[in-house]
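# Structural characterization, general
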Amino acid sequence: MIIVVGGGPAGMAAALSAAQANSKVMVVEAGPRLGGQYWRHSSVEHLDQDGAKLVSAVMSHPNIEFLFNARIWRADYRDGESTLHVLIFGKSRELTTKKLILATGAFDRTLPFPGWDIPGVMTPGAAQSLLKGSGIVAGKRIVIAGTGPFLLPVSVGLAKAGAQIAGLYEANSRNRWFPHALTVMRNAPKLRLALSFQRELKRYQLRFRGGYAVVEALKGDEGLLEAVRVAKVDKEFGIMANSEFVIKCDVLAVGWGFTADLSLAGNLGVEFKKDSDGSISVVVDQFQETSLTGVFAAGELTGIGGAELAQVEGEIAGLTAAGNVNRPKRLHRLKKRKATFARALSAAYPVGNKWMEWLRESTIICRCEEVSLSEVEKSISNLGATDARSAKLLTRAGMGLCQGRICGRSFADIVESRTGNVANDESSIKFAARPIASPITFEELAGS
Ligand SMILES: Cc1cc2nc3c(=O)[nH]c(=O)nc-3n(C[C@H](O)[C@H](O)[C@H](O)COP(=O)(O)OP(=O)(O)OC[C@H]3O[C@@H](n4cnc5c(N)ncnc54)[C@H](O)[C@@H]3O)c2cc1C
């Protein structure tokens, strides 16, 4: 039996293509339903046409069975076989397979900045999840900031739901797409989507400002978010002189693109790579197989590329895992085109390194373990840390409840910038691999 971890666009496409190639498939999903981040919804009626079609095809296929609300907290690989340790409502279960497809997706990338731990500061993904999953509008007067095209659907969605959007700030310049105009032209659906967002922004009178970033969150007397400080920033995200202003809001949704969820891949020990923009992802061959025989990966964890690329990769992984030797060339061509667009997207929305200049000594870097910038710096200057892993052991950064999901990458970047060890430093790759993929209680651990 092929096991697919993740019921998002990549996982669904993988399960369906493998099932259609006559393999038995099990989909293991931490959430209560299929859809993943892209098709997050409270019921099938709220899905768009493509989502509804894919979800119902997967759900109704006789070769596919499902484990929902099933969180895999650890995975092991030995002698060509993967073992998955699954928790379902506190009960432990073990699954083994020789054909595993990882499609665990991504989460919002965050950057630390003064005040980012004040209640009311969240990621755009969190604001969107509240809205799409539960119909909750995160606040009354919302500022949306960071970088990436994801800021647009979040702004439009919140405005549509009745929130007042007090500001929409993209840190990269308005002209960021010019060098990639040809790639955009070749992707007509993306161009249409961009134009439709422009129309929606106009309709809800949302003013989009390029080259601005929120550099500080400010709290009021009750300890809640009251305002944010916005600054004009240069290409590297350095604050430009005399450009700062304060804007009142009760919610700030701030995000810097996405980070691949490598937790299970790290458990298994598949090979990772560090891309030119510093992001870490799983190495796969053209058929989506990882460095471990029988372990495949598809979607965001092989590199951030969006839902369409995730589906194509999922389809290829499903066919390969099912042993289909006649993989259609069409899929590989499509993958190439979508991957080119994904690279252009990543180049158009870089994260400049000067965000580190926004930090103060007291700024918390790891929120779970409350580790400040000065403690990180002391671990290097006083205690002799040479890379992210040793700094982690000396400060406990990344060892809390989220296991470094939130702070891991920024922490590694800060340590690299302070040790000056950037070129050969593989520490951020090591930092991405942890023994336990998601929080588990002692009772659950004992029970397993
Ligand atoms: C918060 C958020 C919101 C997004 N919204 C949009 C959007 O509106 N539009 C857009 O174009 N793109 C959006 N994206 C980008 C999105 O990542 C991709 O477009 C697309 O969803 C990627 O598909 P995927 O299958 O690779 O991953 P996902 O859709 O993320 O699916 C991964 C699935 O794996 C499951 N999973 C992960 N770990 C485990 C585990 N240990 N055990 C069991 N199950 C597990 C998760 O519950 C999830 O359902 C969003 C991303 C995030 C993080």
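Here's what I pulled together on the structure shown here. (Residues numbered from 1 in each chain as written. Predicted model: local features only at pLDDT ≥ 70, side-chain atom pairs only at ≥ 80, totals over all residues.)

Before going further, it helps to examine the overall build of the protein. Tallying secondary structure elements over the protein gives 14 helices and 22 strands in all. In summary, the protein has a C-alpha radius of gyration of 22 Å against a globular reference of 22 Å for 448 residues, a match within 12%. Expressed along its principal axes, the backbone C-alpha trace of the protein runs to roughly 65 × 55 × 40 Å. When the 448 residues of the protein are sorted by exposure, 45% land in the buried category. Residue pairs in contact within the protein that sit at least 24 positions apart in sequence constitute 66% of those at least 6 positions apart. (Helix = DSSP H or I, 4+ residues; strand = E, 2+ residues; numbered from the N terminus. Rg over C-alpha atoms; globule rule 2.2 N^0.38 Å. Buried ≥ 20, exposed ≤ 12 C-beta atoms within 10 Å, placed from the backbone. Contact = placed C-beta atoms within 7 Å.)

Taken together, 38 residues surround the ligand, and among them Gly8, Gly36, Gly105, Gly125 and Gly299 come closest. Secondary structure elements with two or more residues in the shell around the ligand: helix H1 (9–20), strand E4 (70–78), strand E8 (106–108), helix H3 (124–134) and helix H8 (307–321). In terms of residue class, the shell around the ligand is built from 18 nonpolar, 15 polar and five charged. Counting the residues that make up the shell around the ligand, at least three belong to each of domain 1 (2–107 + 259–347) and domain 2 (110–256). (Near = placed C-beta within 6 Å. Nonpolar A, V, L, I, M, F, W, Y, C, P; charged D, E, K, R; others polar. Domains from an automatic or database assignment.)

Turning to the packing of H3 against helix H4 (residues 151–160), a few remarks are in order. Orientation of H3 relative to H4, taken along the N-to-C sense of each, is 40 degrees, at an axis distance of 10 Å. Taken as axis vectors, H3 and H4 run oblique relative to one another. Where H3 crosses over H4, the two elements pack in a sense that is left-handed. The residues of H4 that touch H3, namely those facing Pro124, Ala127, Gln128 and Leu131, are Leu151, Val154, Gly157 and Leu158. Broken down by class, the residue content of the contact of H3 with H4 amounts to six nonpolar, two polar and no charged. (Axes fitted to C-alpha atoms, helices over the stretch in contact; angles between N-to-C directions. Parallel < 35°, antiparallel > 145°, perpendicular 65-115°, else oblique. Left-handed = near helix turned anticlockwise from the far one by under 90°.)

Attention now moves to unusual backbone geometry. Of note in the backbone geometry, Gln205 takes a positive phi value of approximately 55 degrees without being a glycine. Take Gln205: it is sitting in the loop between helix H6 (188–203) and strand E12 (208–210). Residue Gln205 is classed as exposed on the basis of its C-beta count, with 8 C-beta atoms lying within 10 Å. Positive phi outside glycine occurs at Gln288, with the angle close to 75 degrees. On the basis of neighbour counts, which here come to 29 C-beta atoms within 10 Å, the residue Gln288 falls in the buried class.

Turning next to the pairing of strand E2 (residues 25–28). Where strand E1 (residues 2–5) and E2 come together, four bridges link them in parallel fashion. Each bridged residue has a counterpart across the sheet, and for Ile3 the counterpart in E2 is Met26. As a crossover connection, the stretch from E1 through H1 into E2 is right-handed. (Pairing = 2+ DSSP bridges. Right-handed = clockwise from strand over helix to strand, strands pointing away.)

An order of E4-E5-E6 is seen for the three strands of this open sheet, with the pairing classed as antiparallel. At either margin of the open sheet sits one strand with a lone partner, and together these are E4 and strand E6 (91–97). With direction set aside, neighbouring strand axes in the sheet form an average angle of 20 degrees. With eight bridges connecting them, E4 and strand E5 (residues 81–88) associate as antiparallel partners. Bridging from a neighbouring strand, Arg78 pairs with Glu81 of E5.

On the secondary structure map, Ala213 appears in strand E13 (residues 212–219). Among the residues examined, Ala213 registers 26 C-beta atoms within 10 Å and is labelled buried. Considered as a pair, Ala213 and Phe237 are 24 residues apart in the sequence and their alpha carbons are 8.0 Å apart. Apart from residues lying up to four places away in sequence, Ala213 is in contact with Ala145, Tyr169, Ala171, Ala231, Val233 and Phe237.

Ranked by internal contacts, the top residues of the largest apolar core, which has 60 residues, are Val4, Ala14, Ala15, Ile101 and Leu102. What Ala14 contacts, discounting residues up to four positions off in sequence, is Val4, Ile101, Ala103, Ala298, Gly314, Glu315, Ala317 and Gly318. In terms of nonpolar packing, the next biggest core, distinct from the first, is built from 45 residues, Ala127, Ala159, Val251 and Leu359 among them. (Core = buried A, V, L, I, M, F, W, Y, C linked by C-beta atoms within 7 Å.)

Right, let's get into the packing of H1 against H8. Viewed as axis vectors pointing N to C, H1 and H8 meet at an angle of 30 degrees, and their least axial separation amounts to 7 Å. Relative to H8, the crossing made by H1 is right-handed. In this structure, H1 uses Pro9, Ala10, Gly11, Met12, Ala13, Ala14, Ala15, Leu16, Ser17 and Ala18 to contact H8, whose residues at the interface are Ala307, Ala310, Gln311, Glu313, Gly314, Glu315, Ala317, Gly318, Leu319 and Ala321. In terms of residue class, the contact of H1 with H8 is made up of 13 nonpolar, five polar and two charged.

Two strands in a sheet stick together by hydrogen bonds in their backbones, pointing the same way (parallel) or opposite ways (antiparallel). Sheet architecture is open: five strands sit in the order E3-E2-E1-E7-E20, paired in parallel fashion. The sheet terminates laterally at strand E3 (64–67) and strand E20 (295–297), the two strands that pair on one side only. Adjacent strand axes in the sheet meet at a mean angle of 20 degrees when their direction is disregarded. Note that E1 and strand E7 (residues 99–102) share four bridges and pair parallel. If you follow Val5 over to E7, its bridge partner there is Leu102. Along the sheet face, H8 touches E1, E7 and E20 and points at about 175 degrees away from the line of E7.

As a further point, take the environment of Ser243. Mapping Ser243 onto the fold places it in the loop between strand E14 (225–232) and strand E15 (245–248). Of the residues examined, Ser243 has 14 C-beta atoms within 10 Å and is grouped as partly exposed. Non-local contacts of Ser243, meaning those with residues more than four positions away in its chain, are made with Ala231 and Lys232.

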